[in-house]
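# Examining the three-dimensional arrangement
Each chain is listed here by its residues.
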Amino acid sequence: MLRKIKTSVAAALCCTALGMGVAGCDGDAMENWDPLAPATRTADAAPISGTEKIDVAGRSVNVSCSGDPQKGQPVIILMHGAGDGLDKLAALQQTLSKKNRVCSYDRLGAGASDQPDGPQDFSSTGKILTGVLARVADDGPVVLAGHSLGGLIAARYTPDHQDRVKGLVLMDATPPTMLADITKSIPESAKGPAAEVRAQNLAIFKGQNPEKLVITDSKVTSAGNIPVEVIQHGKPYLAAVPEYGPRLEQAWTAGQRKWLALASGSKLSTAANSGHYIYLDQPDVAVQAIERVAAQAARQAQGG
């Protein structure tokens, strides 16, 4: 029971998915589509179709793209949570690619991408994202859709890259002040399972995670008037932490509201029947939000 609590909460708090298997990527819907199939390229500038290793600043980054480019439409970039990889986003990517150009990638230290040389910060992981965008979207607009830690990275990246990022969807994204939230929600005096959860997450935030990413708190800065949708989980599973669970749930909910400061028209919704993995538990909610944001971004680009 202790390991179950520690694992689920660590995943929820955006940090890692230790001991969690890849789920939600099978079934009839996936029968004829393999996002991990090697891509065929005839030229350096050829669009990626399937999965391909690209060079970003001397590092090998695993990228998957599908769907046909649509005139006037942004490329959708899916960003996985910690402990996951682009394979876990496969079903979501397949569904979205029926109407959109969609790409995903493994960050350094995740999936089939290279390991980082040393500790990473939001600047270094942002440089990798910039390199990926340059390859999969050229100079065109993109919409970032991130889950958990991927959402935090996307939200931190967007305000400084408004020339490229024209829309943002956060799926139960790690709150911007999660380090402080954990410290306040579970005091140092905590004992038993709660103490284990606290220690594990604080270590992960200090860089003891597969990506070696040091996760710091910061204020939310504006990304202009781009469309932003924030989706939070509806099943209060963080309450599983003895004694301090309700505090964690309250902190998480407050953290989702903080993301609304990204844009004046930001919208917050709740996936009522979902745990942390909204795009697996309620994929229709994720798909509809991403497609709404992409459509609104396209209209804004056309002056509509």
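A few words on the state of the cysteines. A complete count under the given rule lists 1 disulfide for this structure. Cys65 shares a disulfide with Cys103; S-S distance 2.1 Å. Because the torsion about its S-S bond is 110°, the bridge between Cys65 and Cys103 counts as right-handed. Here the residue Cys65 occupies a position in strand 2 (residues 59-66), and Cys103 occupies one in strand 4 (residues 102-105), the gap between them amounting to 38 residues. Owing to a relative accessible area of 1%, Cys65 belongs among the buried residues under this scheme.

Taking burial as the measure, the 8 residues of strand 2 include 7 buried ones, the bulk of the element. In this structure, strand 1 (residues 50-56) lies alongside strand 2, joined through 7 bridges in antiparallel fashion. Bridge pairing in strand 2 links Val56 to Arg59. Here strand 1 folds back onto strand 2 in antiparallel fashion, the turn holding 2 residues, of which Ala57 has a positive phi close to 55°. Where strand 2 meets strand 4, 4 bridges bridge the pair, whose relative direction is antiparallel. Within the sheet, the bridge partner assigned to Ser66 lies in strand 4 and is Val102.

Taking strand neighbours across the sheet as the criterion, the 8 strands line up as 1-2-4-3-5-6-7-8 in an open arrangement whose pairing is mixed. Of all the strands in the sheet, just strand 1 and strand 8 (267-271) have a single pairing partner and so form its edges. Geometrically, the sheet is characterised by an average inter-axis angle of 25° between neighbouring strands, direction not taken into account. Its contacts with the sheet put helix 9 (residues 283-301) on strand 3 (75-79), strand 5 (142-147), strand 6 (165-171), strand 7 (228-233) and strand 8, and the angle it makes with strand 6 is roughly 165°.

Time to look at helix 3 (residues 122-137). Compared with the 22 Å implied by 1.5 Å per residue over 16 residues, the 21 Å span of helix 3 between its first and last C-alpha is a close match. Among the residues of helix 3, Phe122, Thr125, Gly126, Ile128, Leu129, Val132, Leu133, Arg135, Val136 and Ala137 are the ones counted as buried. If you follow the buried residues of helix 3, they end up packed against strand 1, strand 2, strand 3, strand 4, strand 5 and helix 4 (149-157). Of the residues that open helix 3, the one with a side-chain oxygen 3.1 Å from the backbone nitrogen of Ser123 is Asp121. Where helix 3 terminates, the next one or two residues include Asp138, which has phi positive at roughly 50°.

For the rest of this paragraph, the subject is the nonpolar core. Within the largest apolar cluster, 54 residues are counted, with the highest numbers of intra-cluster contacts made by Val61, Val63, Ile77, Tyr105, Val136, Leu144 and Leu168. If you tally residues by element for this core, the top one is helix 3, at 7 residues. Excluding residues within four positions of it along the chain, Ile77 makes contact with Cys103, Tyr105, Leu133, Val136, Val142, Val143, Leu144 and Ala145. Within the second largest apolar cluster, 23 residues are counted, among which are Leu78, Met171, Val287 and Ala289.

Pairs can form between side chains of opposite charge once their charged atoms are near each other. For the coordinates displayed, the defined rule picks out 5 salt bridges. The shortest N-O distance in the salt bridge between Arg59 and Asp117 comes to 3.3 Å. Here Arg59, found in strand 2, pairs with Asp117, found in the loop between strand 4 and helix 3; they are 58 residues apart in sequence, far enough to count as distant. Relative accessible area serves as the criterion here: at 19%, Arg59 is assigned to the buried category. Residue Asp117 is classed as exposed on the basis of its relative accessible area of 71%. Close ionic contact of Lys88 with Asp84 constitutes a salt bridge, the shortest N to O distance being 3.8 Å. A residue is classified by how much of its surface remains accessible, and Lys88, at 3% relative accessible area, is buried.

Examined against the element boundaries, Arg198 turns out to sit in helix 6 (residues 192-205). Here Arg198 occupies a buried position and makes no salt bridge, while the nearest side chain of opposite charge, Glu188, is found at 5.1 Å. The contacts of Arg198, once residues within four sequence positions are left out, are Ile182, Thr183, Ile186, Pro187 and Glu188.

This part covers the packing of helix 3 against helix 4. Geometry of a packed helix pair, given as the angle between the helix axes and the separation of the axes. Contact geometry for helix 3 and helix 4: axes closest at 10 Å, N-to-C directions at 85°. The orientation of helix 3 with respect to helix 4, classified from their angle, is roughly perpendicular. Every residue of helix 4 that contacts helix 3 at Phe122, Thr125, Gly126, Leu129, Thr130 and Leu133 is listed here: Leu152, Ile153, Arg156 and Tyr157.

Enumeration over the complete set of coordinates arrives at 1 aromatic pair. Sitting over the ring of Tyr277, Lys88 keeps its end group 4.1 Å from the ring centre. Over the ring of Phe122 we find Arg156; its NZ or CZ atom is 4.0 Å from the centre of that ring.

Rules used throughout
Residues numbered from 1 in each chain as written. Predicted model: local features only at pLDDT ≥ 70, side-chain atom pairs only at ≥ 80, totals over all residues. Heavy atoms only, no water. Disulfide = S-S within 2.5 Å. Helix = DSSP H or I, 4+ residues; strand = E, 2+ residues; numbered from the N terminus. Buried < 20%, exposed > 50% of the residue type's maximum accessible area, 1.4 Å probe, protein only. Pairing = 2+ DSSP bridges. Axes fitted to C-alpha atoms, helices over the stretch in contact; angles between N-to-C directions. Contact = heavy atoms within 4.5 Å. Expected span 1.5 Å × (residues − 1). Polar contact = N/O pair within 3.5 Å; in protein donor to acceptor, adjacent residues only side chain to side chain. Core = buried A, V, L, I, M, F, W, Y, C linked by side-chain atoms within 4.5 Å. Salt bridge = Lys/Arg side-chain N within 4 Å of Asp/Glu carboxyl O. Lys, Arg positive; Asp, Glu negative; His and termini not counted. Parallel < 35°, antiparallel > 145°, perpendicular 65-115°, else oblique. Phe/Tyr/Trp six-rings, centres within 6.5 Å; stacked < 30°, edge-to-face > 60°. Lys NZ or Arg CZ within 6 Å of the ring centre and 35° of its normal.

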